Amino acid sequence: MDKGKFIVVSAPSGTGKSSICRRLLQACPEIQFSVSYTTRKPRPGEVEGKDYFFISRQEFQKRLDGGDFAEWAESYGHLYGTSIRTMKESLAKGTTVLLDIEPRGAKQIKKKFRGGVYVFILPPSREELLLRLEGRGHEESAVIRARYAQAESELKEISWYDYVIFNNDLETAVHQLLSIYIAQGCKRSNLRSKIKKFMTK
Ligand code: 5GP
């Protein structure tokens, strides 16, 4: 059986990544979103088990020590991790998994799992990125500076991603991510067992 595929999507904060991922999942219900574990508190509207599994630092540490995470990273003072069991089970079933994770975690996934496609989403320009990082202007400058620093270090990782989407326009960006997903499904290396079966007389 061809194993499941996975799509890793990363982007600096405020790039529209979540909206693009949401739209891909709506268009392709067969894709399974990898629900991460996090120590951050839920934001209004976020649903336990759908957006994240919200856990304490202590619980996160316990899971980390138990080897439960395929990857993990600290971002803006909070811990985030991907369940290795869910990832392995989904891939074994042949399901395509979508991971919305930052580049340090993405790199760990790349070392551990084969068959994934790595997509980096960028805002239309650097000026736009700075504007988006500044948010609505209510935050302290230290918070904004921390966001700049994180965005800069994330941008350095773009070199090893397979695809880059400039989010000039949401519809176009969604189509581009959808196209990447579709192309992955047609990749010969992802269709080995199907091709073998076809060739067998
Ligand atoms: P937020 O707190 O805004 O939902 O996410 C902050 C950052 O953490 C985003 O860049 C998001 O992609 C990343 N993130 C979410 N889940 C995970 C995860 O399981 N692992 C890693 N490494 N990053 C994650």
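Here, every reference points to the structure presented above.
Conventions and cut-offs
- Residues numbered from 1 in each chain as written.
- Predicted model: local features only at pLDDT ≥ 70, side-chain atom pairs only at ≥ 80, totals over all residues.
- Heavy atoms only, no water.
- Pairing = 2+ DSSP bridges.
- Helix = DSSP H or I, 4+ residues; strand = E, 2+ residues; numbered from the N terminus.
- Axes fitted to C-alpha atoms, helices over the stretch in contact; angles between N-to-C directions.
- Near = heavy atom within 4 Å.
- Polar contact = N/O pair within 3.5 Å; in protein donor to acceptor, adjacent residues only side chain to side chain.
- Areas by Shrake-Rupley, 256 points an atom, 1.4 Å probe, with all protein chains shown as cover.
- 1 Å grid on protein atoms, 1.4 Å probe; cavity = no way out; pocket = protein on both sides within 12 Å on 5 of 7 lines; lining within 4 Å.
- Sits in = over half its atoms within 2 Å of the grid points.

Asks: What should I look at first to understand the sheet that holds strand β4 (residues 52-54) in this one?
Replies: The strands making up a sheet associate through backbone hydrogen bonding, with each pair oriented either parallel or antiparallel. Pairing in this open sheet of 4 strands is mixed, and the strands run β4-β3-β6-β5 from one edge to the other. Only two strands of the sheet have a single partner each, and these edge strands are β4 and β5 (69-75). Pairs of neighbouring strands in the sheet enclose a mean axial angle of 25°, with direction left out of account. Strand direction decides the pairing type here: strand β3 (residues 36-38) and strand β6 (residues 78-83), joined by 2 bridges, are antiparallel. What sits directly across from Tyr 37, in β6, is Gly 81.

Asks: What's the story with the site of the ligand in this structure? I'm lost.
Replies: Not every one of the 14 residues close to the ligand is listed here, only the nearest: Lys 17, Ser 36, Arg 40, Tyr 52 and Tyr 80. One of the side-chain N or O atoms of Ser 36 is found 2.6 Å from an oxygen atom in the ligand. Here Asp 100 contributes a side-chain N or O atom positioned 2.7 Å from an oxygen atom of the ligand. Taken by itself the ligand offers 510 Å² of open surface, and the protein chains cover 88% of this. The cavity that encloses the ligand is the largest pocket. Put simply, the parts of the chain that give the shell around the ligand at least two residues each are β5 and β6. A total of 3 residues in the shell around the ligand trace back to one element, the largest contributor, which is β6.

By themselves, these observations are geometric and do not establish any function.
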